[in-house]
Amino acid sequence: MDALRIPLSAITDEGIVVEVTAPGERLWPKGVKEMPLTAVRIAGDLVKLGDKDYLFRGRIVGAYRGRCDRCLADLESPFDLETVWSFKQGVAKDFVADLSDDADTDPFEESPSVFIFEGNDIDLTPSVCEEIVLAAPAKTLCREDCAGLCARCGANLNIASCSCGIENETGNSALAGLADLFPNLRPDVSKE
Ligand SMILES: [Zn+2]
Ligand SMILES: [Zn+2]
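So, here is what we can say about the structure in this document. None of these values were measured; they are calculated from a predicted model. For every chain, the first residue of its written sequence is number 1, and the numbers climb from 1 along that sequence. All chains are assigned letters beginning with A, and all ligands numbers beginning with 1, in the order in which they are written. Per-residue local features are limited, in this predicted model, to residues with pLDDT of at least 70; the limit for side-chain atom pairs, both in listing and counting, is 80 or more; totals at the level of whole chains, interfaces and linings are taken over all residues. Remark: hydrogens and water are excluded; side-chain values derive from all non-hydrogen atoms of the structure.

1. What about the overall build of the chain?
Put simply, the rule is: Only DSSP runs of H or I reaching four residues or more are called helices, and only runs of E reaching two or more are called strands; each is numbered from the N terminus. The buried label goes to any residue with under 20% of its type's maximum accessible area, the exposed label to any with over 50%, and the partly exposed label to all in between, with areas taken from a 1.4 Å probe on protein chains only. Residue contacts are counted whenever heavy atoms from the two residues lie within 4.5 Å of one another. Using a 1.4 Å probe, the Shrake-Rupley method yields the accessible areas, and only the shown protein chains count as cover for residues.
Helix and strand content of the chain: 3 helices and 7 strands. Looking at the chain as a whole, 31% of its 192 residues are labelled buried. Of all intrachain contacts in the chain linking residues separated by at least 6 positions in sequence, the fraction that spans at least 24 positions is 57%. As displayed, the chain offers around 12,500 Å² of accessible surface, 51% of which is attributable to carbon and sulfur atoms.

Pasting the structure below:
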């Protein structure tokens, strides 16, 4: 995504505003497994801190496209990520010692992710990708109490009940969870 590649010469001491909306599929480098995304908006400012030291502070806003884990409905899970990235110009191996020193600092302290770059521009795309991958939800539901699909007939129980009369295995009620743990105590109640 070329709009996310910022020439160093454009970055003044006061910093520059970055505001780019990119189609999700344009953010992935070749060879990286793409995650389906909506358009993604990257907005923030990039300032020069020192000779070879830059800082980006901003937000990445968009949504993951996926399916509900229970009922398989298409859905979008929005994300709004605040980011602080430190960009240091140089060759990655020269920073290895530095970075491992940082590992000794308090892990709970807010510290920016550090990216090393070579050349005369800063490409924000890999940082955007990394942030989006790390924030991806492990589980997606169309709604907290999605009733899922009937394990027997496949009916979408959010839309209609079916006549199978069995408790949906993927149901979310605390009762269903207990019943799984103690099958002998399975309550003899229907969903009605
Ligand atoms: Zn669902
Ligand atoms: Zn059914």
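Structure shown, so let's carry the discussion forward.
2. Let's talk about the environment of Leu149
Its location among the elements puts Leu149 in the loop between α2 (125-134) and α3 (174-181). By relative accessible area, Leu149 is classed as partly exposed at 23%. Separated by 12 residues in sequence, Leu149 and Ser161 place their C-alpha atoms 9.7 Å apart.

3. So, α2
Taken residue by residue, α2 has Thr125, Ser127, Val128, Cys129, Glu131 and Ile132 as its buried positions. Check the buried side of α2 and you find it contacts β3 (40-50), β4 (53-67), β5 (74-89), β6 (113-117) and β7 (121-123).

4. Examining the side chain of Thr83
Residue position: Thr83 is located in strand β5. When its relative accessible area of 3% is taken as the criterion, Thr83 is described as buried. Beyond its immediate chain neighbours, meaning those up to four positions away, Thr83 contacts Phe56, Arg57, Gly58, Arg59, Ile60 and Glu131.

5. A look at the pattern of salt bridges
Applicable threshold: Salt bridge, as used here, is a side-chain nitrogen of Lys or Arg placed within 4 Å of a carboxyl oxygen of Asp or Glu.
Under the defined criterion, the tally for this structure stands at 7 salt bridges. A salt bridge links Asp121 to Arg5, with the nearest nitrogen and oxygen atoms 3.1 Å apart. One end of the pair, Asp121, is in strand β7; the other, Arg5, is in strand β1 (residues 5-7), and 116 residues separate them in sequence. Linking Glu19 and Arg41 is a salt bridge whose minimum nitrogen-to-oxygen distance equals 2.6 Å. In this pair, Glu19 sits in strand β2 (residues 16-22) while Arg41 sits in strand β3, placing the two residues 22 residues apart along the sequence. Among the residues examined, Glu19 registers a relative accessible area of 53% and is labelled exposed. For Arg41, a relative accessible area of 36% corresponds to the partly exposed category. Salt bridges linked by common partners bring Arg5, Asp121 and Asp123 together as one network.

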